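# Architecture and fold: a report
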Amino acid sequence: DAGVIQSPRHEVTEMGQEVTLRCKPISGHNSLFWYRQTMMRGLELLIYFNNNVPIDDSGMPEDRFSAKMPNASFSTLKIQPSEPRDSAVYFCASTKNRGQPQHFGDGTRLSIL
Amino acid sequence: GDSVTQMEGPVTLSEEAFLTINCTYTATGYPSLFWYVQYPGEGLQLLLKATKADDKGSNKGFEATYRKETTSFHLEKGSVQVSDSAVYFCALNRDDKIIFGKGTRLHILP
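The following paragraphs examine the structure supplied in this document. The structure displayed is predicted, hence computed values, not measured ones. Here, residues in each chain are numbered from 1, in the same order as that chain's written sequence. Just so you know, chain letters begin at A and ligand numbers begin at 1, following the order they were written in. This being a predicted model, a pLDDT of at least 70 is required before a residue's local features are given, and a value of 80 or more before pairs of side-chain atoms are given or counted; all residues contribute to the totals for chains, interfaces and linings. Note that water and hydrogens are dropped before the side-chain values are worked out from all heavy atoms of the structure.

## Details of the pattern of salt bridges
It is possible for side chains bearing opposite charge to pair when their charged atoms get close. Residue and element names in this part refer to chain A. By definition here, a salt bridge exists when the distance from a side-chain nitrogen of Lys or Arg to a carboxyl oxygen of Asp or Glu is within 4 Å. Here the structure, examined in full by the defined rule, presents 14 salt bridges over all chains. Residues Glu-62 and Arg-85 are paired through a salt bridge, measuring 2.8 Å at the closest nitrogen-oxygen approach. Taken as a pair, Glu-62 in the loop between β6 (53-56) and β7 (65-71) and Arg-85 in the loop between β8 (74-79) and β9 (88-95) lie far apart in primary sequence, 23 residues in all. Categorising residues by exposure relies on relative accessible area from a 1.4 Å probe, with only protein chains included: less than 20% of the type maximum marks a residue as buried, more than 50% marks it as exposed, and the intermediate range marks it as partly exposed. On the basis of relative accessible area, Arg-85 is assigned to the exposed category, the value being 51%. When the shortest N-O distance is used, the salt bridge between Arg-64 and Asp-86 registers 2.7 Å. Of the two residues, Arg-64 sits in the loop between β6 and β7 while Asp-86 sits in the loop between β8 and β9, which places them 22 residues apart along the sequence. According to the relative accessible area criterion, Arg-64 is buried, its value standing at 10%. Each of Glu-62, Arg-64, Glu-83, Arg-85 and Asp-86 takes part in a single network of salt bridges with overlapping partners. Working definition: helices are DSSP H or I runs of at least four residues, strands are E runs of at least two. Numbering for both runs from the N terminus.

## Quick notes on the interface of chain B and chain A
Listed by partner, the interface residues are 16 residues for chain B and 17 residues for chain A. Approximately 1,500 Å² of surface area, both sides summed, lies buried where chain B meets chain A, with 53% of it carried by carbon and sulfur atoms. Note: buried area is the sum, over both parts, of the accessible area (probe 1.4 Å) each one loses when the two are combined. When residues of chain B are sorted by the area they lose upon contact with chain A, B:Leu44, B:Asp96 and B:Lys97 head the list and together hold 36% of the total. For the pair chain B and chain A, the number of links is one salt bridge. Distance and chemistry together define a polar contact, namely a pair of N or O atoms within 3.5 Å, with one atom able to donate a hydrogen and the other to accept it when in protein, and with adjacent residues in sequence counting only for side-chain atoms on both sides. Linking chain B with chain A are four residue pairs in polar contact (both at pLDDT 80 or more), by the criterion used here. Mapped by element, the contributors of at least two residues to the side of chain B that touches chain A are β5 (33-38), β6 (44-50), β10 (86-94) and β11 (97-100) of chain B. Residue composition of the side of chain B that touches chain A, grouped by class: seven nonpolar, four polar and five charged. Here, residues are in contact when the closest pair of their heavy atoms is within 4.5 Å. Each residue is assigned to one class: nonpolar for Ala, Val, Leu, Ile, Met, Phe, Trp, Tyr, Cys and Pro, charged for Asp, Glu, Lys and Arg, and polar for all the others, Gly among them.

Here it is, written out as structure tokens:
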């Protein structure tokens, strides 16, 4: 089975630009999670969805961040406008059932200049 | 609230040395416990898990035992290899979410 697929793997853009990160969860998984990883703060949960519905977005840092899951096989995380402090590795993960281990994608390394 | 505390790194060992990475947790009830590993440039991968007290999870020579009395889930390996160099995360599940420790970076020298 294909794992969690994220795109792009790397993104470099200038501050103020809109950034869209994409994620395809494992087929049949009904929960999807977006994380941000930095050296300073480690791994932070931004938002998660269950059956395409956002359940907890308390980790989203600012209104500049938004996430959608229009169907069971696709999710986006958008930053508009982007700032240099948004530079990080963003991971998407999915899981089939509550309490089960999460499966992670390889991440998107985002650099905002 | 629930939390996971693991030893700070980096941890540097020689090949074939014995490894212990300490992990303790604070949680209500009896969550499942996990160890994840992150190799450079990759996402986190599940290394092993334990779902109830006294369970021992094991994989690739790594082991960890769910100790309710000490609220611990220490990771051990008898003989590490250079290829074990990575960041290791201890974690517990709480409802729909997984709560991660801050990670411990492990360097194995040949």
